[in-house]
Amino acid sequence: MSIIKALNLFKTYTLQDGIDTVLKDINLTINEGEYVAIIGPTGSGKSSLIRILSGLEQKTSGNLMLFEKPIENYSTDALTELRIADIGFVFQSYQLINELTVYENIELAATLNGFVDKDKIYQLMSELHIKSYASFYPNMLSGGTKQRVAIARALINNPRLLFLDEPTGNLDDKTTNQLLLLLKEQNELHQRTLIIITHDKDVATQAKRVIELKNGAIIRDETNG
Ligand SMILES: Nc1ncnc2c1ncn2[C@@H]1O[C@H](COP(=O)(O)OP(=O)(O)OP(=O)(O)O)[C@@H](O)[C@H]1O
Ligand SMILES: [Mg+2]
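Below, the structure is looked at part by part.

Thresholds applied
Residues numbered from 1 in each chain as written. Chains lettered and ligands numbered in written order. Predicted model: local features only at pLDDT ≥ 70, side-chain atom pairs only at ≥ 80, totals over all residues. Heavy atoms only, no water. Helix = DSSP H or I, 4+ residues; strand = E, 2+ residues; numbered from the N terminus. Expected span 1.5 Å × (residues − 1). Buried < 20%, exposed > 50% of the residue type's maximum accessible area, 1.4 Å probe, protein only. Contact = heavy atoms within 4.5 Å.

1. As for helix H5 (residues 143-155)
Side chains of residues three or four places apart in an α-helix project in the same direction, reflecting 3.6 residues per turn.
Working step 1: Over its 13 residues, H5 runs 19 Å from end to end, which matches the ideal 18 Å to within 8%, given 1.5 Å per residue.
Working step 2: For H5, the tally of buried residues reaches 11 of 13 residues, placing the bulk of the element in the interior.
Working step 3: The complete set of buried residues in H5 reads Gly144, Thr145, Gln147, Arg148, Val149, Ala150, Ile151, Ala152, Arg153, Ala154 and Leu155.
Working step 4: Its buried side turned inward, H5 meets strand E6 (87-90), helix H3 (102-112), helix H4 (118-127), strand E7 (161-165) and helix H6 (173-188).

What follows is the structure, encoded as structure tokens:
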């Protein structure tokens, strides 16, 4: 089944001195179980693309189907529900809630989905090596640790579709390798669809498909291997 289908997608921003087209004629189908890396220079539209594909932000024109349903056919509530239950998102800037501890940040995501499994939260924290930070607040953590908390939060509801924006940007080699293993497992064992923005060669190599953006357009879309 196709999880994402984009046809002639455009995104423009109206600025004081004119219109900025950040996504140009994007055509893309991503099927359930795929592992896709999105690469491209800074400002090429990578984050904009996944914000739109995840329903976080609106396209300017074109067609977008999410889970085989046109995005226009979702009510605001239905889209929110879909995002909570089926879509995980790891932001480039983490977006943790500073007033909540590490544990509570992850727990909140589970609460939104209506089901808190404490053991699962501890298991995920342990897999991501953040268990010893459970009662820490985000401002007490390094960038790499915040990134891992953001990843745990995105995984807690077992999303079918997981977006990650530069998840290894602040990780050292060892932690990057641990995360790569985790992502591989999420994809191969749990059939989760992964869409991951990266500058890291190893991450792009592990993905099964690489999409390259330049100036808001797809200039390459290839299967790895
Ligand atoms: N809310 C906004 N209003 C106006 N312009 C925006 C907005 N968000 C993004 N842009 C512009 O869209 C373009 C693409 O930005 P985007 O963040 O998607 O790039 P990126 O490929 O993710 O870059 P990076 O690798 O630095 O994260 C940039 O020129 C940016 O200035
Ligand atoms: Mg970005």
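2. Notes on unusual backbone geometry
Working step 1: Its identity as a non-glycine residue notwithstanding, Asn8 has a phi of 50°, on the positive side.
Working step 2: For Asn8, the position within the fold is in strand E1 (residues 2-15).
Working step 3: When its relative accessible area of 39% is taken as the criterion, Asn8 is described as partly exposed.
Working step 4: Of note, the phi angle at Asn158 is positive, near 50°, even though the residue is not glycine.
Working step 5: Structurally, the position occupied by Asn158 is in the loop between H5 and E7.
Working step 6: Residue class for Asn158 comes out partly exposed when judged on its relative accessible area of 40%.

The quantities given are spatial measurements derived from coordinates; they are silent on function.
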